[in-house]
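# Structural overview for review
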Amino acid sequence: MDASSAVTIIVAVVVVYLIFKFIVSPLIKLIAGIVIFLIAIYILQTYFNFSFNQYLGPFSKYIDIDKTIDSASWIINPIIAYVNQAISFLKLLLSNAPKQ
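Sequence order as written defines residue numbering, which begins from 1 separately in each chain. The predicted origin of the model limits local features to residues at a pLDDT of at least 70 and limits the giving and counting of side-chain atom pairs to 80 or more, whereas totals for whole chains, interfaces and linings rest on all residues. Side-chain figures throughout are based on the complete set of non-hydrogen atoms in the structure, without hydrogens or water.

## Here we look at the UniProt feature "transmembrane region" (unreviewed entry) in the protein
Worth spelling out the cut-off: UniProt positions are given in the numbering used here, feature names are shortened, and annotations may be inferred rather than shown by experiment. Helix and strand definitions here come from DSSP, where helices need a minimum of 4 consecutive H or I residues and strands a minimum of 2 consecutive E residues; each element is numbered from the N-terminal end.
The sites that carry the UniProt feature "transmembrane region" (unreviewed entry) are, in the present numbering, residues 6–24, 31–52 and 72–94. Helix makes up 82% of residues 31–52 and strand 0%, and the two end C-alpha atoms of the span are 22 Å apart. Along residues 72–94, the helical share is 96% and the strand share 0%, with 33 Å between the first and last C-alpha atoms.

## A short note on the domain arrangement of the protein
Quick note on the threshold: Domain delimitation in this document rests on an assignment produced automatically or drawn from a domain database. As used here, buried area is the combined drop in accessible area, with a 1.4 Å probe, of two parts when they are placed together. Residue classes follow a fixed rule: Ala, Val, Leu, Ile, Met, Phe, Trp, Tyr, Cys and Pro count as nonpolar, while Asp, Glu, Lys and Arg count as charged, and any other residue, Gly among them, counts as polar.
Structurally, the protein comprises domain 1 (1–50) and domain 2 (53–99). Looking only at domain 1, the three residues that lose the most surface to domain 2 are Leu38, Tyr42 and Gln45, adding up to 56% of its buried area. Residues that form the side of domain 1 that touches domain 2 fall into these classes: six nonpolar, one polar and no charged.

## Notes on the nonpolar core
Rules: Residues grouped as a nonpolar core are buried Ala, Val, Leu, Ile, Met, Phe, Trp, Tyr and Cys residues, joined through side-chain atoms within 4.5 Å. Note on classification: 1.4 Å probe, protein chains only; a residue is buried when its accessible area is under 20% of the maximum for its type, exposed when over 50%, partly exposed between these limits.
With five residues, the main nonpolar core is built from Ile39, Tyr42, Ala72, Ile76 and Ile80. Contributing elements (two or more residues each) for this core: helix H1 (3–48) and helix H4 (73–95).

## Digging into the packing of H1 against H4
Definition in use: Only the stretch in contact is used when fitting a helix axis, every axis being a line fitted to C-alpha atoms; angles between N-to-C directions are given from 0 to 180 degrees. For classification purposes, an angle smaller than 35 degrees is called roughly parallel, one larger than 145 roughly antiparallel, one from 65 to 115 roughly perpendicular, and anything else oblique. Only heavy atoms matter for contacts: two residues are in contact if any of them lie within 4.5 Å across the pair.
At a minimum axis distance of 10 Å, the contact between H1 and H4 shows a crossing angle of 85°. In terms of their interaxial angle, H1 and H4 are classed as roughly perpendicular. Of the residues in H4, those touching H1 at Val35, Leu38, Ile39 and Tyr42 are Ile76, Asn77, Ile79 and Ile80.

## Quick notes on unusual backbone geometry
Even without glycine at this site, Asn49 takes up a positive phi of about 50°. Along the chain, Asn49 falls in the loop between H1 and helix H2 (53–56). With relative accessibility at 68%, the residue Asn49 sits in the exposed group.

Here's what the structure looks like:
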């Protein structure tokens, strides 16, 4: 392997690392944060009958979080179903585990 091919490989690895570190990783964190926030609002509204509109006051007519969560339920409901399935699967695994 000559020096030019080694430099090319090193530069390619550095570029891929920098792209992942500064572009892909923050995007994944941002999307995960938004999804976690939406799931938290959904859980509060569904199971605890919590309404964010009462805390927004006069701005509630401009930002209707209750309606936004209802319209985003097409993405939230499958995620909650997967979480429930994972919890059920873990309970099944733990119930069949040998006792020590």
